[in-house]
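# Commentary on secondary and tertiary structure
Here's the letter readout for the chains.
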Amino acid sequence: MTTINATRTGGSVVTIDGETFNVFESTIHGDVFTAESEGYDRARSVWNGMIDKRPAVVVKCRGVSDVINAVRFAREHDLVLSLRGGAHNVAGHGTCDGGLVIDLSGMKGVRVDPITRTAHAQAGLTWAEFDDETLVHGLATTGGTVSNTGIAGLTLGGGLGWLMGKHGLTCDNVISFDIVTAGGELITADADSHADLFWALRGGGGNFGVVTSFRFQLHDVGPAVIGGMIIHPMDHARELMRFYRDITADPPDELEVYMALMTSPDGDPVAGIMVGYNGDVTEGEKQIKAIREFGSPLADLVQPMPYSARQHMLDDFAPHGPRRYWKSGFLQEFSDDVIDVFVDHASNLISPMTGIPIFNVHGAATRVAPDATAFGHRIHQWDIDIVSQWLDPEDDERQIEWTRKFWGDLEPFAGETVYVNHISEDEPSRIETAFGLNYARLRAVKRTYDPGNVFRLNHNIPPG
Ligand SMILES: Cc1cc2nc3c(=O)[nH]c(=O)nc-3n(C[C@H](O)[C@H](O)[C@H](O)COP(=O)(O)OP(=O)(O)OC[C@H]3O[C@@H](n4cnc5c(N)ncnc54)[C@H](O)[C@@H]3O)c2cc1C
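So, how was this worked out
- Residues numbered from 1 in each chain as written.
- Predicted model: local features only at pLDDT ≥ 70, side-chain atom pairs only at ≥ 80, totals over all residues.
- Heavy atoms only, no water.
- 1 Å grid on protein atoms, 1.4 Å probe; cavity = no way out; pocket = protein on both sides within 12 Å on 5 of 7 lines; lining within 4 Å.
- Points joined across faces, edges and corners; volume = space filled by probe spheres on them.
- Nonpolar A, V, L, I, M, F, W, Y, C, P; charged D, E, K, R; others polar.
- Helix = DSSP H or I, 4+ residues; strand = E, 2+ residues; numbered from the N terminus.
- Domains from an automatic or database assignment.
- Buried < 20%, exposed > 50% of the residue type's maximum accessible area, 1.4 Å probe, protein only.
- Arc of directions from axis to C-beta.
- Contact = heavy atoms within 4.5 Å.
- Buried area = accessible area lost by both parts, 1.4 Å probe.
- Salt bridge = Lys/Arg side-chain N within 4 Å of Asp/Glu carboxyl O.
- Polar contact = N/O pair within 3.5 Å; in protein donor to acceptor, adjacent residues only side chain to side chain.
- Pairing = 2+ DSSP bridges.
- Axes fitted to C-alpha atoms, helices over the stretch in contact; angles between N-to-C directions.
- Near = heavy atom within 4 Å.
- Areas by Shrake-Rupley, 256 points an atom, 1.4 Å probe, with all protein chains shown as cover.
- Parallel < 35°, antiparallel > 145°, perpendicular 65-115°, else oblique.
- Expected span 1.5 Å × (residues − 1).

### A look at empty space enclosed by the protein
- Considering all chains together, one arrives at one cavity of 30 Å³ or more under this definition.
- Reported here for the largest cavity is a volume of approximately 40 Å³.
- When grouped by side-chain class, the residues that make up the lining of the largest cavity number seven nonpolar, four polar and no charged.

The structure is reproduced here in structure tokens:
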């Protein structure tokens, strides 16, 4: 019999006797890990190697009943509770010290209806796994740009991706959510039922319960899309960024153009333009001609490719495990001065793994009213990220300091707004700003569905 010492929400420690714990374990069809279990270290690990937490229990759920029993157990003992899908959360909220983790990564069921072009998908899927099921029908929805990101956390925060100009954010494509509430009940939230919760789940993050499955609208993506990267030397980055600013000022919905400042495999600082076109390939070739002809690139890797290949294109930049520190914001004015800040810092990267991606939010993603979903940042803008990555723990302080200095110089241009899924662990003061004009309404929905703030280990919205 395993006796558990676990952390309560108020910080005190509770001892759960072996018999009580065994009864709980017997209700779970999936796997239950404690510090004594084989596989505990794998079960507690998340994408960001800086997050090294030791939960008392990890419940790897196999189905909805496991989720319900785990929520009820956590509530009964007032345990610190964290939720995990793809484990990619930048702030590491997918794990905790001393509490209970509900890990949905064992729940990967998906059923596609090619007639209605919808997919019912369980919350433990990654984008790679989800795409594999929809693409056999030539269908997809807006998904993350790195394929091993979880569909759950990304969708609940909003969801920026290669189809957002044409089909909106990921959350704009959700038709319904199945969710286990703080009371341990399974309900469905959609436009007609629990409409306030349906609104809040489209951008409000993991604040309202455990989503067990999503129903998504899918779209035809055809046999091939245009994708790939064009790489320029960092010496030309200033001109390239000005050009990038101009071509992304008002792009067609079908055209996605992102940028990244990074280090090449040969160790040289480079600036990359990442291109995607979602539509007729011949028309796409015309649309990207000026991008391909700009300057003297070191390499042009743009080509027609299957949608799935574009979804995997950036995977190598984001392996599971290295140490990370991340700063992010939205940029509304792409001035020459801000370009100078980007290039000055990116010319002196102190880790070859570090990258500075820039995403253009445009088209359908911006034509939704700011208060129509909880994701309120519905204007044309750029999402900018400093993603510092390194391997040696001894280097933590230097890397964090470098990232903060870079951000300190960028922040005056970026203003206060930020994508909730890109907030770091040490930035709780940015949460309210991230939800912006929707914050008060989100607090009211939280009060209805989770008045005791059971789901608090997230970018937390306190009950209003
Ligand atoms: C390499 C990388 C690439 C990324 N690329 C993109 C991108 O292209 N577009 C984009 O929009 N974002 C992107 N992000 C940010 C990403 O959206 C967030 O990190 C998101 O939290 C990841 O979701 P997850 O399920 O993998 O994470 P997890 O760490 O498993 O979960 C994150 C949080 O989401 C909530 N959550 C997870 N599952 C559930 C559930 N079933 N029910 C309720 N709440 C839940 C919880 O609060 C949890 O703490 C990227 C992140 C990384 C690390």
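After that view, the rundown keeps rolling.
### Observations concerning the layout of surface pockets
- The computed volume of the second largest pocket comes to approximately 400 Å³.
- Along its surface, the second largest pocket is lined by 19 residues, and Arg84, Ala87, Asp103, Ser105 and His320 are the ones closest to its centre.
- Looking at the lining of the second largest pocket, the elements that each hand over two or more residues are helix H2 (40–44) and strand E4 (57–60).
- When grouped by side-chain class, the residues that make up the lining of the second largest pocket number four nonpolar, 10 polar and five charged.
- Counting only domains with at least three residues in the lining of the second largest pocket, you end up with domain 1 (4–103) and domain 2 (110–221).

### Points about helix H4 (residues 127–135)
- Listed as buried for H4 are Trp127, Ala128, Phe130, Asp131 and Thr134. Here the buried residues of H4 occupy an arc of 160° about the axis, which is enough to place them on one side.
- On its buried face, H4 sits against strand E7 (110–113), strand E8 (118–122), strand E9 (139–140), helix H5 (151–157), strand E12 (210–217) and helix H11 (307–312).

### Comments concerning the domain arrangement of the chain
- If you check the domain split of the chain, you get domain 1 (4–103), domain 2 (110–221) and domain 3 (225–428).
- Just the C-alpha atoms count here: the centres of domain 1 and domain 2 sit 24 Å apart.
- On the side of domain 2, 16 residues touch domain 1, which itself brings 11 residues to the contact.
- Taken together, both faces of the contact between domain 1 and domain 2 bury some 1000 Å²; the carbon and sulfur share is 67%.
- Across the domain 1-domain 2 interface, the total number found is one salt bridge.
- Arg72 is the partner of Glu185 in a salt bridge, and the nearest nitrogen-oxygen pair spans 4.0 Å.
- The interface formed by domain 1 and domain 2 contains four residue pairs in polar contact (both at pLDDT 80 or more).
- For the side of domain 1 that touches domain 2, the element with the highest residue contribution is helix H3 (residues 64–76), accounting for six residues.
- Its residues assigned to classes, the side of domain 1 that touches domain 2 shows six nonpolar, three polar and two charged.

### Observations regarding the sheet that holds E8
- Taken in spatial order, the five strands line up as E7-E8-E12-E10-E11 in an open sheet, and their pairing is antiparallel. Where the open sheet ends on each side, the last strands, each with one partner, are E7 and strand E11 (186–190). Each strand of the sheet is rotated relative to its neighbour by a mean of 15°, with strand direction disregarded.
- Strand direction decides the pairing type here: E8 and E12, joined by five bridges, are antiparallel. Its bridge partner being in E12, Ala121 is matched across the sheet by Phe214.

### A look at the site of the ligand
- Around the ligand, 34 residues are found, and the nearest of them are Gly85, Ala87, Thr145, Leu160 and Tyr419.
- A distance of 3.3 Å separates an oxygen atom of the ligand from a polar backbone atom of Leu154.
- At 2.7 Å from a nitrogen atom of the ligand is found a main-chain nitrogen or oxygen belonging to Leu160.
- Look at the ligand: alone it shows 950 Å² of surface, and the protein chains cover 96% of it.
- Listing elements by their share of the shell around the ligand, those giving two or more residues are strand E5 (81–84), H5 and E12.
- Among the elements that take part in the shell around the ligand, H5 stands out by supplying four residues, more than any other.

### With respect to the pattern of salt bridges
- Applying the stated rule across the entire model yields 24 salt bridges.
- For Arg84, the salt bridge is made with Asp103, and the minimal N-O distance between the two is 3.5 Å. With a gap of 19 residues between them, Arg84 in strand E5 and Asp103 in strand E6 (residues 100–103) connect regions that are remote in the sequence. Each member of the pair, Arg84 as well as Asp103, carries the same accessibility label: buried.
- The salt bridge involving Glu293 is made with Lys289; its shortest N-O contact spans 3.2 Å.

### Observations concerning unusual backbone geometry
- Of note, Ala87 is a non-glycine position whose phi angle comes to about 70°, a positive value.
- Summarising the element assignment, Ala87 is placed in the loop between E5 and E6.

### Let's talk about the sheet that holds strand E3 (residues 31–33)
- Taken in spatial order, the four strands of this open sheet run E3-E4-E6-E5, and their pairing is mixed. At either margin of the open sheet sits one strand with a lone partner, and together these are E3 and E5. This sheet shows a mean twist of 15° between the axes of neighbouring strands, independent of strand direction.
- The pairing of E5 with E6 spans four bridges and is parallel. Bridge pairing in E6 links Ser82 to Val101.
- Its contacts with the sheet place H3 against E4, E5 and E6, and it is angled at close to 165° to E6.

### Quick word on the packing of helix H12 (residues 336–346) against helix H13 (residues 396–414)
- At their nearest, the axes of H12 and H13 sit 9 Å apart, and the two run at 170° to each other. When the axis of H12 is compared with that of H13, the two are roughly antiparallel. In this structure, H12 contributes Asp337, Val338, Val341, Phe342, His345 and Ala346 to the contact, and H13 contributes Trp402, Lys405, Phe406, Asp409, Leu410 and Phe413.
- Taken together, the residues of the contact of H12 with H13 sort by class into eight nonpolar, one polar and three charged.

### A short note on H3
- An ideal rise of 1.5 Å per residue puts 18 Å on 13 residues; H3 measures up with 18 Å between its terminal C-alpha atoms.
- Residues Asp66, Val67, Ile68, Ala70, Val71, Phe73 and Ala74 constitute the buried set of H3.
- Taken from the residues just after H3, Asp78 is the one with a positive phi, measuring 55°.

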